[in-house]
Each structure stands twice: as C-alpha cells, then as structure tokens.
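An overview of the molecular structure
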There are 2 protein chains.
Amino acid sequence: MNTVVPVILCGGSGTRLWPRSRATKPKPFLPLVGDSTLFEATVARCGDPVRFAAPVVVTGTAHLAHVEAQLHGVAGAQVIVEPSARNTAAAIALAALRLPEEAIMLVCPSDHHIGDPQAFAAAAAAAARLAEKDWLVSFGIEAKAPETGFGYLHRGEAIGEGGFKVARFVEKPDLARAEQFLADGGYAWNGGIFAFKVATFLAELGAHRPAILAAAREAVAKGGEDGQRFHPDSVAFARIDSESVDYAVMENTARAAMVPADMAWSDIGNWQALHVALDRDGMGNATRGPVELVDCRNVLVDSDGRNVAVIGLEDVIVVVDGDDVLVTTAAGAQKVGKLHRAANQ
Amino acid sequence: MNTVVPVILCGGSGTRLWPRSRATKPKPFLPLVGDSTLFEATVARCGDPVRFAAPVVVTGTAHLAHVEAQLHGVAGAQVIVEPSARNTAAAIALAALRLPEEAIMLVCPSDHHIGDPQAFAAAAAAAARLAEKDWLVSFGIEAKAPETGFGYLHRGEAIGEGGFKVARFVEKPDLARAEQFLADGGYAWNGGIFAFKVATFLAELGAHRPAILAAAREAVAKGGEDGQRFHPDSVAFARIDSESVDYAVMENTARAAMVPADMAWSDIGNWQALHVALDRDGMGNATRGPVELVDCRNVLVDSDGRNVAVIGLEDVIVVVDGDDVLVTTAAGAQKVGKLHRAANQ
C-alpha cells in the first residue's frame, strides 16, 4: 500500500470556547482534554511511523508560531503557510500539489477530540484502502444525538473494506430531521475527516472546480520553500474561491464513499461538548485547577489557577481565564460566541 | 432631652461574605450596598448634629486602622480599643463608663444595612425618649420572613412613645416557631440596636452581672488615652466574661422595652441577604463591575474589576475578588462560611 500522509488543517479561530480560546490562542492549541492540545493529539494520532509518513500541516500566518512550537520537531513535517484563509478545498489542494500523485492523504481537522484512537486508526486504515481504489472517502462518525450543528452522510451500498458509497450529503438539518436520521440509523455525522489518493482528488477537483485547481497550481508553482515551511504565492492564492471540500468536490463526485467510525469523537464545539468529552467523577463533575465543589452535579469548572468555589449548582459551567470569568448553563454554552466580550476580544 | 451618643460596635470578622469579606478587610468596612461601607453608613446615620453627639466607636486592634480611616475625621469621635474580644456586654460597659451618667447611648452594630434612614431616626428618637424614662430599649425590627437566624422580641404592653414592654426574649427559633411568630404579628427581630441611659444601664449591669461591671470599671480606671483613642487596661479587661448584652442584661432586667422599627433593615448575613438589600433591575438582577448578563433572572454578580459573563442562570450569585471566585445558588449562600478556602483564608 502507498504511504499515508496526514494532512492536518489548522484554520479558523472561533469564539465559542471563550474565555479560554482567544484570537491569540485558539482552540487547536489549548490542552482542553488531558495534557495535550487538540493539535498535539491530532499529530500524535497520526504518529505511528509504520502506518503514516510525516505530516503536512496547512495553516495561516496567525497560527504558525503555535503550529511550529507544538509540532515539537516532528521529523520531516512540512508546514504550508496560507497567505489568507480560503476554506478546506484550497487547503487540501495545496497539500495535494506538494505530494506524490500516488500518496494517500488522510485529511484531519486539528480542533476535534477523538477519545478512541484505536478506532480512529482502524477507520483510517479502511479509508486508506478505499482511497487506493480511487474512492473519495469521508469518515462517517456514528451519530450519538440528533445534532443540528453537523452535516450528515446518508449511507449507500456497501463497497467492501467496511465502507459504503455515500448516497447523499445532507446539510445541517433541523431537529425533527436530525431525530429522523438518528432513528433511521443509516446516517452518520460528517466530521471533515477524509482519505484521498492525491491523483484522484486532483482529478475530481479539476473536473468540478477547475478554477480552484488552476489557481492552486499557480500558487504552488510560484511559491517558495523556507526550511520546513512552504509559502504559496499570495496573488494566485487570493484568487481561489473560498469553498469547503464537501461543497466543491464531495457533493459532486460519483466516487464519494464513507467508512463508519465510532471513536468517541467530539468537535468540542462549545463548553458543554467539552464537558461531555472529559472524564467526570461519580457526580458528573469535571474540574481543572484549584476548585472546591459543594453539593454540585454535572458541573464543569476550568480555572487557569484562580481559586473557584461552587455551591449547590447543577449543569453549570464555570471558566476562569486571566481577567475573564464565564458562568453558563449547559444550554447557554451555545451562546458564548455571541457575548460582546467574546466577539470583541 | 439629654445628649444621644452613638455607640458603634465594630467586632467580629465572619466568613459568610467570602471572598469579598476577609480577615484583613471584614464586612463593616466594605462598600456592599452603594458607595459607602456599612461602617460609614452607620456613622452617617447618626451624623445629624441636632440629634446626636459625636460617636464612641468600640473596636479591636485588628480593625483600628479601618475604623480610623473610615471615620474620615469626624469631630469629637472617641475610639475605644479593646485589647481582646469580649462580646457586647463588655463593649457597651466600656462606652458607658467613658460617658456622663445622664447621657443616652444609642448602641449600633456596624455590620447591618438600613435602607430607610428616616425610619431609623424616628425609632431612635422614640427609643431615646423611653431611655430617658429608664427603659432599656431594643429596636424591634419588623419581621419580614420566618428567619431562624435571629432572636425575637415578644411585644408586651404599651408604655407610650410608640414603645412596648418586652414580654419575652426568644432565642433563635426553629422554622415552625418562626412561622408562628410571623403569623402572630406580635414578634419582632432583635437586631442588636439599643438605647440606654448610661446610669440605668450601669445599674442594671451591676445588678445582674456585678463581676462584668467591676472588671470593666477597673479596665477603664487603669486605662489610658492616646489622642482620640482610649485603651482599657488589658489585664482587667481579660477577666471579663464574654457575654452578649441580651444575655447579661436584657433578659434579666424588669425594664426591657422595645420600639417597633420598619426600616428596610438587613444584617447582610450572607450573599443572598445582600442581593435582597440591593437595587435590582426588572429581572431581579444586580451587578457591580464589568458584567454581561444573558437570559438571567435574580442573579447577583459582584466583581472587583474582572470581566464576568453569565448566561442562562436564575437565583445564582457570582463573586470575584482577587484570586478567588465564588459561584453559588441563593440557598447555597448559607454554606459559604464553611468552604475550606473561606475558613482558612
């Protein structure tokens, strides 16, 4: 089998984990679950040299220092520095154009948590085998709840290796449809993890978005290396339409496939999602830092070092970071990104 | 009528308003309601020179610096510095022994809030007139709830000036009895505010606690002045039994009286009591400092300057002070003093 190259995407910032996540220290680079950051854990999951080649990281200038510090000198890593943000189709195209045509890319967002790395490795191996056969493979993450914040993959016919054709891509549904999907059982979450053969991906991108491919080719051809960094040409890159790989390629190709993955995945999309991903005590509480709880249930307290005492609360999240304190219900966690302070940090 | 001398008691520390109240900055000296501290407000309530002489403050060495700073140079004030804490019978005896026999003492704790100073002034005037007639007068604070944390005064026969004999002093009742008292209407809270003629108080103290009077006399006789400060002799003072004035005098004298007082009084006994005493917005919320509330009702946030955002909560109190953060339900506010951090500050 050909080499599997992890392609790790580090974009975006997000305000939904304020006050811990900030413009200067965004979510992938924080130790939200355990001692590793989400980025470090993503690199580590693809760190077995028997299965994986050195990673290609695609990021922007704003995050470059974090990326390089948290790569901890991984041998052979390449960092593609995007001059501006152009969504995932462009980022993956850049990585593909820097790799051999026969390589298998395993595209991984760096702001998700995966609680079961062995299940991830098994799904990655199955996805790579299907990518060898020129399938464009999404990880179909087992839906655990009627989430309305994710896209869904509708499973089609089996194609071997434990994989399936994708019968249909479904945009974020309303709650009633999400509940139908969950009851149906034939739907999975689209978590943005993919396996592609480079040549196949580029062929499909060229077929459905020739302008993106052409501009990405020019950006790479006119780009320059600087040690482990690669800088695409900024003028050519700026011409690329900002489109997700789902929208540009996956929803158009006849070769879309999926492998089921039940791997304790979470996008850690807000503080409540983080609470669910963390180890909790018998009362459902999870704490970090010097915290005293009295008569609490299902409470998450994350302190950067200040003393926090919580009395009598249930389903509440308390976060202390620097000069900022957040106290929210579990349900209110969805509104954190809209706080004035979070939006204008 | 004789001069009315405010006798302001500043003792104790307390942990129930942690983290704002601390051993180094106890409750009387904090601006908990409005911009004045409870001590400043107590001095100001007795500041009308037509009605009141300069105050006598009784405090300990630990609080002396706060007292002198917050007296703001009130002319003629005297500060009695207790060498150790001996409860209210001793503190009032010291003040009495430093005053003319015909003076009327108005004894005021300095850690309570009174929302209606005019009602206080009216009750004080009535109490002073009864004290002239050798009654030992308690303020009977109109009971607004079946509180189990206060003693109660049972109203007896009317004695003129709007006052009544005290039929009975009742120790802190259980909830069922407190509810009976509230329904009965003949019971009032004992808030520890008194009016006594000096000679009458000393005579009653001598009759019921001669040892306390004798030791206090010796402590004053052997004490020394130092500017506005008076230092009782520490050896004699240390011999005094630690008793409340209620227990030592009021429950024993045949001259116990009360004047009803409906003056928006609160002992600010915990954070929930403070919340009730504060001005609140239409949703019942009260905030101090840079605070953002979303979907909150009956929330109190008191921040020393850090940014606090609260989402979706009801009947919750958030306090930020220095390196300490408290989050509690209204009901949980009663447990604050038992937090490890509060008890071991």
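Since the structure is predicted, the reported quantities are computational estimates derived from the model, not experimental observations. Note on numbering: residues in each chain are counted from 1, in written sequence order. In the order they appear in the text, chains get letters beginning with A and ligands get numbers beginning with 1. A pLDDT threshold of at least 70 governs which residues receive local features in this predicted model, and a stricter bar of 80 or more applies before side-chain atom pairs are shown or counted, although totals over entire chains, interfaces and linings include all residues.

The next thing to look at is the overall build of chain A. For helices the rule is a DSSP run of H or I covering at least 4 residues; for strands it is a run of E covering at least 2, with both sets numbered from the N terminus onward. In terms of regular secondary structure, chain A is built from 11 helices and 19 strands. As defined in this context, the radius of gyration uses C-alpha atoms, and a globule is described by 2.2 Å times the residue total to the power 0.38. Radius of gyration (C-alpha) of chain A: 20 Å, near the 20 Å computed for a compact globule of 345 residues. C-alpha extents for chain A along the principal axes are approximately 60 × 50 × 40 Å. Here the analysis covers contacts within chain A between residues at least 6 apart in sequence; of these, 67% occur between residues at least 24 apart. By definition, residues are in contact whenever their C-beta atoms, placed on the basis of the backbone, come within 7 Å of each other.

With that settled, consider the interface of chain B and chain A. At the interface, 27 residues of chain B touch 27 residues of chain A. Here the side of chain B that touches chain A takes 6 residues from strand β19 (residues 324–329) of chain B, the largest share from any one element. Throughout this entry, Asp, Glu, Lys and Arg are counted as charged residues, while Ala, Val, Leu, Ile, Met, Phe, Trp, Tyr, Cys and Pro are counted as nonpolar. The remaining residues, Gly among them, count as polar. Residues belonging to the side of chain B that touches chain A are distributed by class as follows: 14 nonpolar, 6 polar and 7 charged. Strands were regarded as paired on the criterion that DSSP finds at least two bridges between them. Inspection of the sheet shows strand β17 (residues 307–311) of chain A paired to β19 of chain B by 5 bridges, in the parallel sense. Following the sheet pairing, A309 of chain A is matched in β19 of chain B by L326 of chain B.

Residues and elements named next belong to chain A. Examined against the element boundaries, E314 turns out to sit in the loop between β17 and β18 (316–321). Residues E314 and T37, 277 residues apart in the sequence, show an inter-C-alpha distance of 28 Å. Beyond its immediate sequence surroundings of up to four residues, E314 is in contact with C296, R297 and N298.

So, about the sheet that holds β17 of chain A. Pairing between the strands of a sheet comes from backbone hydrogen bonds, and it takes one of two forms, parallel or antiparallel. Ordered in space as β15(A)-β17(A)-β19(B)-β18(B)-β16(B)-β14(B), the 6 strands form an open sheet in which the pairing is mixed. The sheet is open, and its two borders are formed by β15 (291–294) of chain A together with β14 (286–288) of chain B, each paired with just one other strand. Pairs of neighbouring strands in the sheet enclose a mean axial angle of 5 degrees, with direction left out of account. With 6 bridges joining them, strand β18 (residues 316–321) of chain B and β19 of chain B adopt antiparallel strand pairing. Residue pairing in the sheet places V319 of chain B in a bridge with L326 of chain B of β19 of chain B. With axes taken as lines fitted to C-alpha atoms, and helix axes fitted only over the stretch in contact, angles between N-to-C directions fall between 0 and 180 degrees.

Before going further, it helps to spend a moment on the pairing of β19 of chain B. Burial analysis of β19 of chain B places 6 of its 6 residues in the buried class, which makes it a mostly covered element. Any residue with 12 or fewer other C-beta atoms within 10 Å of its own C-beta is exposed, any with 20 or more is buried, and the rest are partly exposed; the C-beta atoms used are placed from the backbone. Here β19 of chain B shows no split at all, with D324, L326 and T328 of chain B on one side and V325, V327 and T329 of chain B on the other all buried.

Our focus in this paragraph is the relation of the copies chain B and chain A. The operation relating the pair of chain copies consists of a rotation about an axis and a translation along that axis. Superposition of the copies was done by least squares, using only C-alpha atoms of residues whose pLDDT is at least 70 in both. Superposition record for chain B on chain A: RMSD 0.0 Å, screw rotation 180 degrees, translation along axis 0.0 Å. Seen this way, the second copy is the image of the first under a two-fold rotation axis. Of the residues that chain B buries at the interface, 100% are likewise interface residues in chain A, meaning the two copies contact each other through the same surface.

Among buried residues, those of type Ala, Val, Leu, Ile, Met, Phe, Trp, Tyr and Cys that are joined through C-beta atoms within 7 Å form a set called a nonpolar core. Judged by nonpolar contacts, the single largest core of 236 residues is most densely connected at M105 of chain A together with M105 of chain B. Residues within four places of M105 of chain A in sequence aside, it is in contact with V5, V7, A95, A96, L99, A195, F196, V198 and F201 of chain A.

Our next topic: the domain arrangement of chain A. Residues and elements named next belong to chain A. Here the bounds of each domain stem from an automatic or database domain assignment. What the domain assignment lists for chain A is domain 1 (4–266) and domain 2 (271–343). Distance from the C-alpha centre of domain 1 to the C-alpha centre of domain 2: 30 Å. With 11 residues of domain 1 in contact, the opposing surface of domain 2 contributes 17 residues. By residue class, the composition of the side of domain 1 that touches domain 2 is 5 nonpolar, 4 polar and 2 charged.

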